[in-house]
Amino acid sequence: SELKEAQYINKSLSALGDVMGALDQKASHVPFRNSKLTYLLQDSLGGNSRTMMVVTVCPGSRSSDESICTLQFATRVRRINLGSAQKNVSNKNLEESLKKATKEMKQLESAKLRTEEQLLALRRDHQRIQDRLQASQELRSQNKDESRTIAVLRKTNEDLSARLLKEKGNKQEKLVDLENCQQELRRIQKQLLAATRDRDSLSKRLIDNESDMKELKQQLREAKDSASAANIRARKSNVIKPPLGANGASSRSTTRGISSTNARGRSSTSSVRSTSSVTSTSGSAEAAKIREEIRQLIETHDPQKVDKLDDLMGRFRGKEARLLEKMKARYEETKTDSSSSSSKNPTPRSSDVISPSDSVKKRSELAMARHAERMRKIRSSTK
């Protein structure tokens, strides 16, 4: 705010300096209207009047610049010569008459305003009276309408009271029905809770039965696999016929081989079941023992597969006992086959060498096809 005030003061002084310069140069146009200060001093500076300007300066060093500027401005104003002042009587009389006329005009205007206000008040009173008359007429008509409305409202009130009584009765009936429904709902919820418990118990039983069924199917599948493997081994061993002179002996030995093979399959099935049960109850110590036995068997019969022992144990994780039984049965069969081949004549004659006939080949192929079909059906049924 102080800064704005200083700006306005400087602007006014600058305009005063311009006016002084124009008066000094006897210019045709003097800019009195550039500032309010010069406009107010117009009669004093440009008329028949004596003008005196007082300049105030401060001796302090802090305001030395402002003091110098002020003194320079005073020097500039001092050089201006406006001439001697003359008395102007006519202008004074004109001013007094103008003031008198202005005063009379103001009095006339105030009188006019008073008359206009009185007229406006009269008009307002007239309008107010007219409004009251109209309101009284409307009230009369409204009273007639209100009497009719009161009669209608009384009748409506009677109808509403009767309807309210009827709704109360209906509400009480609905409350009674709601209580009955809530009791029925509680009973149904209890039944539902009991049914849910029964369902949970039945689902638990069903899960247990399914787990038992899966275990039984697994055992049955293992037994079938071992029996089919034993049958295949027996059929493979009987592909080559014995010598022609020993048909009865060969048939008897074949029968014994098949029966021994079946017995071996049964024993292997029972041993697999017992081994699986022992494995489920035993811990890691039993698995390590079975792993050592398998490693010894592989080193004895097939040393080239010792490096693949880890992969083999990973594939049969949880079924180590079954793997051990299979490997024992396999290596025992290879041992018996090699011993039986070595016990034969090492230099047989060309007439003693038995070549499989076409009928034997067909029977073995049919047996293999039937076995593959049975295994496929078992897998599809288990899935």
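Just above, that's the structure.
Values in this document were obtained by computation on a predicted structure and should not be read as measured data.

Each value, and the rule that gives it
- Residues numbered from 1 in each chain as written.
- Predicted model: local features only at pLDDT ≥ 70, side-chain atom pairs only at ≥ 80, totals over all residues.
- Heavy atoms only, no water.
- Axes fitted to C-alpha atoms, helices over the stretch in contact; angles between N-to-C directions.
- Helix = DSSP H or I, 4+ residues; strand = E, 2+ residues; numbered from the N terminus.
- Parallel < 35°, antiparallel > 145°, perpendicular 65-115°, else oblique.
- Left-handed = near helix turned anticlockwise from the far one by under 90°.
- Contact = heavy atoms within 4.5 Å.
- Nonpolar A, V, L, I, M, F, W, Y, C, P; charged D, E, K, R; others polar.
- Salt bridge = Lys/Arg side-chain N within 4 Å of Asp/Glu carboxyl O.
- Buried < 20%, exposed > 50% of the residue type's maximum accessible area, 1.4 Å probe, protein only.
- Expected span 1.5 Å × (residues − 1).
- Arc of directions from axis to C-beta.
- Core = buried A, V, L, I, M, F, W, Y, C linked by side-chain atoms within 4.5 Å.

Asks: Break down the packing of helix α1 (residues 2–24) against helix α4 (residues 64–78) for me, citing the residues and quoting the values.
Replies: At a closest axis distance of 10 Å, the pairing of α1 and α4 adopts a crossing angle of 25°. In this view, α1 runs roughly parallel relative to α4, as classed from their interaxial angle. For α1 against α4, the interelement crossing comes out left-handed. The segment α1 lies against α4, with Leu 13, Leu 16, Gly 17, Asp 18, Met 20 and Gly 21 engaging Phe 73, Arg 76 and Val 77. A breakdown of the residues in the contact of α1 with α4 according to their chemical character gives five nonpolar, two polar and two charged.

Asks: Give me the pattern of salt bridges: which residues, what numbers.
Replies: Proximity of charged atoms lets side chains of opposite charge pair with each other. For the coordinates displayed, the defined rule picks out seven salt bridges. For Arg 187, the salt bridge is made with Glu 184, and the minimal N-O distance between the two is 1.9 Å. Placement of the pair is Arg 187 and Glu 184 together in helix α5 (residues 89–237), with a separation of three residues, close to one helical turn. On the basis of relative accessible area, Glu 184 is assigned to the partly exposed category, the value being 34%. With a shortest N-O distance of 3.7 Å, Asp 225 and Arg 322 are connected by a salt bridge. Here Asp 225, found in helix α5, pairs with Arg 322, found in helix α9 (residues 320–343); they are 97 residues apart in sequence, far enough to count as distant. Judged by its relative accessible area of 13%, Arg 322 is buried. One salt-bridge network, held together by shared partners, links Glu 222, Asp 225 and Arg 322.

Asks: Please provide a residue-by-residue account of helix α7 (residues 284–301), values included.
Replies: With 18 residues, α7 should reach 26 Å at 1.5 Å per residue; the first-to-last C-alpha distance of 26 Å fits that figure. Within α7, burial applies to Ile 290, Ile 294, Leu 297 and Ile 298. All buried residues of α7 project into a common sector of 95° when viewed along the axis, lining one side. Summarising the geometry of α7, the exposed residues directed more than 90 degrees from the buried face are Ser 284, Ala 285, Lys 289 and Thr 300.

Asks: Describe the nonpolar core, and please don't skip the residues or the numbers.
Replies: Ile 290, Ile 294, Leu 297, Ile 298, Leu 309, Leu 312, Met 313, Ala 321, Leu 323, Leu 324, Met 327 and Tyr 331 form the largest nonpolar core, which has twelve residues in total. When residues of this core are traced back to their parent elements, those giving at least two are α7, α8 (309–315) and α9. Looking at which element gives the most residues to this core, the answer is α9, with five residues. Those residues within four positions of Ile 290 in sequence are excluded, and the remaining contacts are Glu 320, Ala 321 and Leu 324. Counting residues in hydrophobic clusters, the runner-up holds ten residues, among them Leu 16, Met 20, Leu 23 and Phe 32.

Worth remembering: the numbers are spatial, not functional.
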